[in-house]
There are 2 protein chains.
Amino acid sequence: MPLTTSWLIVLGVVVLALAYVAYNYFRIKKMPEGTPDMIELSGIIRSGAQTFLKTEYKSISIVVGVVAVIFTLFVEKTAGITFLMGALMSSIVCVLGMQSATYANVRTSNKARESLSIGETVKVALCGGSISGLAVQGFGMLGLLAVLLCFGGVKHDAESTGLIAGLTCNPYIMRISTYSLGCSIVAMFNRVAGGNYTKAADISSDILGKLRHDLPEDDSRIPNTIADFIGDNVNDIAGNCSDLLESFVATMSASIMIAVTLYQTHGGKVADTTFDATILFPIILAGCGLVGCLIGLGLANIKKMGDNPSRELDLSTWISAGCTVIFGGVASYVIFNNVPLYDDFKLGWASPWVSSIMGIVAGIAIGIITEYYTSTDHKPTQKLAEMCTEGEAFVVTKGDAVGSRSVLLPVFVIIVALIISGVLGGSYGIAISALGMLAFVGATVSIDAFGPIADNAGGLAEACHLAPDVRKITDKLDAVGNTTAAIGKGFAIGSAAFATVSLIMAYVGNYTTVGEPLSLNFASFFVVAGGILGGALVEYFCAILTDNTIDAAKIMADVGDKQMTQEVLDGKAKPDYNMMIEMAAKEAIHRMVLPSVLALLIPIVGGLILGVEFVGGILVGATIVAIPRAIFMGNSGGAFDNAKKYIEQGMLEGHGKGSPAHKASVTGDTIGDTRKDVVGVALDIFIKLMSTVANTIAPIIRNFKLFG
Amino acid sequence: MPLTTSWLIVLGVVVLALAYVAYNYFRIKKMPEGTPDMIELSGIIRSGAQTFLKTEYKSISIVVGVVAVIFTLFVEKTAGITFLMGALMSSIVCVLGMQSATYANVRTSNKARESLSIGETVKVALCGGSISGLAVQGFGMLGLLAVLLCFGGVKHDAESTGLIAGLTCNPYIMRISTYSLGCSIVAMFNRVAGGNYTKAADISSDILGKLRHDLPEDDSRIPNTIADFIGDNVNDIAGNCSDLLESFVATMSASIMIAVTLYQTHGGKVADTTFDATILFPIILAGCGLVGCLIGLGLANIKKMGDNPSRELDLSTWISAGCTVIFGGVASYVIFNNVPLYDDFKLGWASPWVSSIMGIVAGIAIGIITEYYTSTDHKPTQKLAEMCTEGEAFVVTKGDAVGSRSVLLPVFVIIVALIISGVLGGSYGIAISALGMLAFVGATVSIDAFGPIADNAGGLAEACHLAPDVRKITDKLDAVGNTTAAIGKGFAIGSAAFATVSLIMAYVGNYTTVGEPLSLNFASFFVVAGGILGGALVEYFCAILTDNTIDAAKIMADVGDKQMTQEVLDGKAKPDYNMMIEMAAKEAIHRMVLPSVLALLIPIVGGLILGVEFVGGILVGATIVAIPRAIFMGNSGGAFDNAKKYIEQGMLEGHGKGSPAHKASVTGDTIGDTRKDVVGVALDIFIKLMSTVANTIAPIIRNFKLFG
């Protein structure tokens, strides 16, 4: 079957999935919103979230536009278009995800109110989440298929230039990497701005409530609370969707780029049918995953739900993963069984299949490990909670230790998967392994998005004073969301690590001359210097994000404080929520520029001055530092958060809510907030964006450097 | 001049320096100790410190003995002896440094009491410090010269095996690397145990004083205070001496090993005179530095001191550094002017000289940057102090940001020095640059050791209720010690980074077959996997050290608490200090084994299973993560410490001692203590030890691996 036909079949699946997304979207929208209070509050949240996105996209579109013009003029004629395509897909997913989540949250609490059934309520929240999840996978594939189908697929021997500049590159490769880059840039902006928005609002609320006015959490007299509410959607829905979309697209792109490199390092001694098979498989595997997600999520939608939501959610992930494995095996057999194979494929046609399974298993294992280190059911978080009795300094030090300790096992899983898939399938195997982990991203993102929807539903139920029965249901959903979030984070971190490793391998392929062996030699002092610099840049990036968050929080606290007049404190007047919502957006957006531009410029400037191998060093260094740091940030933050909950649930004898131990645990939680929701998640995208930029410019600058 | 004659001349300088050490030691010992109170208390400190060392060396000698036997039997016949030599030199320096510091501290406060002159007092403390400093450099060189002179120098083409095993290696290289390894292992034990000892004592005192009984700091009713006092000597003197000795020896060894590699990669087409010159220069450069130190410290000893001790101390560093530059230039000219040179030497005979200057300049620059980020005179620490008004969570988050931000500039300095010395002198230039930074280590360690001596002198003056005039002098000395400590830390971190980079280069040379190009290829997934693992191991190592410290502190607090009966609290009875001193030692020593053995075994096990390139990946990954982490730990800790002092000095208007802001700053300081005094300093030695182990086993395992 010719490539184009196969792609068209996958396109059919994608269209089907997007139709299902549309169906769910309108189904959710038609559901009743509940009491007038609920309608009003959810309206404020929705319009606040929309305002944020509108403001943000004004800035993003300028940067994206400028970069697209530069690409068209100086890199490759069509690269501007494909770059815009990537940015567009990422943006659609953000807007759609946020819109559907802000519809779903209030309808979830209303369903709880009307049905008083856990199963029915879970269905609404999951349906809302599945819009985000399936959109991520569907639009990510739609854009790539459009690039492939409109520009005639992938050829390994073409050459082209920009409209003005003269350096040549392979336009097919360039289109794929710029498509991926478009997704990356939007994701970077979303992650950085979203993290800043949500945490500045959250922390400034805490300063006003806990430190300055001694009010309970989320008290409506604090003007910053509604911004805090919106923040959950901005970061956990929009940020997460664009982040995972980025990872997913990057692994598909890296697989295709590595397939080209593989062909070229074999000096053209490989059959064209083999080349076509390696180009085709990544798209087909993603298609298999998408079918799996449709089955898994569709079943959850149709069948009657029991009262154990955790099991139901897990089940839909397992079904999606299982289908991906089964269909992936069939696809691998059909595609690779009748073509001559590379020597690297130690298991013949089964090599890519087994590699994809390695990725899936690794993702799940990392999720389980993450849960172990951050859940109140296990020792690390329990011990952290116990340490709260010795005061703030001990909690923080112990939390640091938990975070650092939690790094080793996930990394061990990553390298075992890396080595096995490398031994069985070479660098192509590694790329496919990364893609395998993300092939059913639709399901994982759906479950991820379930969390903030349930969280918001609970908040709405409380703010609108719904009955205790209803609260009980939404509380249960919230708790489930917290657990599933751990597994989602495991996937996000694991896939970022895998994606970056395959992007670096693709990068080395992109700068290596056809027919020469791949080399990124750390016996060269230039490369070592790059490595050390890359690591330090990650630390610097962490510093910028952290400082941005607390600076914004401090400013927002000071402005909010002025509104807390005696009238407001007595409950006789309402503070100006909108002012704080707009302020949070403004602060977040103007602070997102420096770190994003840094990630964009480092590989370009470094490459022009000291060459492609130096940049290779930077990428390796940044990745090696960012992986453990991201895990540290996520897990120490998660453990702090849950240690606080552990104490609040009265599990630490003699130290309940309001005790000094509880106060210490709140301090830990606040510190952890910035770590897990701002810095940790942004690190993943930082290394992916740098690697994608490097991949894009590698063919252009490979023969150019100022020094050395 | 034949090599042996040159080495004998250097040996003469070393003997001269050690004679000067002995002279100062007995001069200090003869000085009067002061009041009976002072004699008693300093006696307790001295005997406590001795007890710790005795207990520690029981454990160390077992490990060292076992390793020495293994080396002799399975690696190289004479390697056990040279390994013991390294361990011996490191141990001598520790014991001598600690002994002289515990003599000097009480005599410093007594000199202040008798003379009431800052200048005279500084002289005593500096004289005490110079014993440690010159011993580090003198014994480090003595051991290496003994190895070279006893076993006939360095030959590039010899082969030998262990008494039992059959794998061959170059015995000359093996002797040098095992000598260096002997120093490393003792340093590792000292750093890990010393850090645990001092901080467990310190933190447990804080728990008892501040959290449980509301007593002032260092109150004599807290049984853990004397152990805290002793800790300063254990960590800041013994730990620091063996750490810097290790760096110094490692850079000399790496230079020699790289000289051999250089000769071999040129396939024997290089003159023997060139080879001899590259082997000779490192020793001569170290000798030049030693002469510089003797001049710099000797002048400080002879001349009349003014009342600005900071200037006087800086002056002796500058003189030592200046002499090293001048003598180093002459030596480089004499040694390299008349021999054919490698193509890498872009500046001819001046290449090694300029490289060494790069190292010196980089060390000083890093010191200055460190001071900027951690001193109360500059913005970062001042802003951190201001953040204290917003509570604990903000201080910690801001401190994290300061620590992360402070990483970039030092790393920038390191890579600029690395690239310049690499461009001008190749890998040999990089090794010499690292050695240049440490060539006057005698002076930097002397100034470093001044700090804890002055600190202890102040403590003694306070505990023995000396007059306010005397306290003023010792306070002044203490403040100076804090500033100079920053520069010392800069040198320690910078030199560790440089030493490790040259050790990694030497390692690649050690496993590469003669005549083949050096390669450590990160385009191979095995190497990438190693890199990611190396980074995660550093995080894990941090976690072990942190957990060890707070666990030991908690146990010590609980035991100490039982002694704080009403009688003790009323001041009617004295608590059992000795019990706590012994307990601190016991806790520290049994906890030092796991992390040390980890550093020893990782390269060996990794190499046997997945090969030398995998281990190369581990070393690179560990270094890339450890450099920024070590800087982060040191600088965030330093900034926390000084932010607290800033508030205590009343510099933050409206927030003095005892205010909530001050309380928050104390929390930051406690968190920072573990970071800077336990984790940060141990990271340096962790990566150096792993690299030295890898260097030692590289020739043995280079053709062996189980998988891949």
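Here the structure is a predicted model, which is why all the values come from computation and not from measurement. (Residues numbered from 1 in each chain as written. Chains lettered and ligands numbered in written order. Predicted model: local features only at pLDDT ≥ 70, side-chain atom pairs only at ≥ 80, totals over all residues. Heavy atoms only, no water.)

Notes on the overall build of chain A
Each helix and strand in chain A was counted, giving 20 helices and 0 strands. Relative to the compact-globule value of 27 Å for 708 residues, chain A shows a C-alpha radius of gyration of 25 Å, a close match. With respect to the principal axes defined by its C-alpha atoms, chain A has extents near 80 × 55 × 45 Å. Looking at the 708 residues of chain A, the share that counts as buried comes to 69%. Considering only residue pairs separated by 6 or more positions, chain A has 85% of its internal contacts joining residues 24 or more positions apart. Summed over all atoms, the accessible surface of chain A reaches about 22,100 Å², with 62% contributed by carbon and sulfur. (Helix = DSSP H or I, 4+ residues; strand = E, 2+ residues; numbered from the N terminus. Rg over C-alpha atoms; globule rule 2.2 N^0.38 Å. Buried < 20%, exposed > 50% of the residue type's maximum accessible area, 1.4 Å probe, protein only. Contact = heavy atoms within 4.5 Å. Areas by Shrake-Rupley, 256 points an atom, 1.4 Å probe, with all protein chains shown as cover.)

Section: the interface of chain A and chain B
With 71 residues of chain A at the interface, the matching set in chain B holds 71 residues. Summing both partners gives a buried area of about 6,300 Å² for chain A against chain B, and 76% of it is carried by carbon and sulfur. Seen at the junction of chain A and chain B, the total is 12 salt bridges. Those elements that place two or more of their residues in the side of chain A that touches chain B are helix 5 (171-212), helix 11 (392-405), helix 12 (408-438), helix 14 (468-511), helix 15 (525-563), helix 19 (612-648) and helix 20 (660-701) of chain A. Residues of the side of chain A that touches chain B, tallied by class, amount to 46 nonpolar, 14 polar and 11 charged. (Buried area = accessible area lost by both parts, 1.4 Å probe. Salt bridge = Lys/Arg side-chain N within 4 Å of Asp/Glu carboxyl O. Nonpolar A, V, L, I, M, F, W, Y, C, P; charged D, E, K, R; others polar.)

Observations concerning the environment of Phe189 of chain B
Residue and element names in this part refer to chain B. Position of Phe189 relative to the elements: it lies in helix 5 (residues 171-212). In sequence terms Phe189 and Ala584 are 395 residues apart; their C-alpha atoms lie 15 Å from each other. Excluding its chain neighbours within four sequence positions, the residues that come into contact with Phe189 are Glu56, Ile60, Val63, Gly194, Met592 and Ser596.

Re the relation of the copies chain A and chain B
Both copies of the chain are related by one operation, a rotation about an axis with a shift along it. After a rotation of 180° and a shift along the axis of 0.0 Å, chain A superposes on chain B with an RMSD of 0.0 Å. Considering both components of the superposition, the chain copies are consistent with a two-fold axis. Taking C-alpha positions as reference, the residue of chain A nearest the rotation axis is Asn521 of chain A, located at 2.3 Å. In this assembly the copies share their binding face: 100% of the residues contributing to the interface of chain A also contribute to that of chain B. (Least-squares fit on C-alpha atoms with pLDDT ≥ 70 in both.)

Here's the deal with the side chain of Thr623 of chain A
Residues and elements named next belong to chain A. Turning to its location among the elements, Thr623 is positioned in helix 19. Judged by relative accessible area, Thr623 falls into the buried class, the value being 3%. Setting aside residues no more than four positions away along its own chain, Thr623 makes contact with Thr500, Ile504, Pro628 and Ile687.

Concerning the state of the cysteines
Residues and elements named next belong to chain B. As enumerated under the stated definition, the model contains 0 disulfides over all chains in all. Cys127 forms no disulfide, and the closest cysteine sulfur to it belongs to Cys241, at a distance of 14 Å. Left unpaired, Cys241 is separated from the closest cysteine sulfur, that of Cys94, by 6.7 Å. Taking relative accessible area as the criterion, Cys241 reaches 2% and is therefore assigned buried. (Disulfide = S-S within 2.5 Å.)

Looking at unusual backbone geometry
Residues and elements named next belong to chain A. Even without being a glycine, Leu116 presents a positive backbone phi close to 50°. For Leu116, the location among the structural elements is in the loop between helix 3 (79-115) and helix 4 (118-150). Overall, the relative accessible area of 46% leaves Leu116 in the partly exposed class. Residues other than glycine seldom take positive phi values, yet His465 does so here, at roughly 55°. With respect to the helices and strands, the residue His465 is situated in the loop between helix 13 (441-463) and helix 14. You can call His465 exposed: its relative accessible area is 68%.

Overview of the pattern of salt bridges
Evaluated as defined, the whole model comprises 52 salt bridges over all chains. Two residues, Asp547 of chain B and Lys398 of chain A, come together in a salt bridge whose shortest N-O distance is 2.9 Å. Of this pair, Asp547 of chain B sits in helix 15 (residues 525-563) while Lys398 of chain A sits in helix 11, on two different chains. Across the pair, Lys398 of chain A and Asp547 of chain B agree in class, each one buried. When the shortest N-O distance is used, the salt bridge between Lys645 of chain A and Asp641 of chain A registers 3.5 Å. Placement of the pair is Lys645 of chain A and Asp641 of chain A together in helix 19, with a separation of 4 residues, close to one helical turn. One salt-bridge network, in which partners are shared between bridges, spans Lys199, Asp202, Asp641, Lys645, Asp673, Lys676 and Asp677 of chain A.

Digging into the packing of aromatic side chains
Residue and element names in this part refer to chain A. The tally for this structure, following the rule as stated, stands at 37 aromatic pairs over all chains. Look at Phe345 and Tyr428: their rings are 5.8 Å apart centre to centre, the planes differ by 15°, and that puts the pair in the stacked class. One end of the pair, Phe345, is in the loop between helix 8 (309-336) and helix 9 (350-374); the other, Tyr428, is in helix 12, and 83 residues separate them in sequence. This pair shows no difference in class: Phe345 is buried, exactly as Tyr428 is. Through a chain of ring-to-ring contacts, the aromatic side chains of Phe281, Phe336, Tyr342, Phe345 and Tyr428 assemble into a single cluster. Above the ring of Tyr172, the side-chain terminus of Arg175 is found at 4.7 Å from the ring centroid. (Phe/Tyr/Trp six-rings, centres within 6.5 Å; stacked < 30°, edge-to-face > 60°. Lys NZ or Arg CZ within 6 Å of the ring centre and 35° of its normal.)

Just geometry here; none of it tells us what the structure is for.
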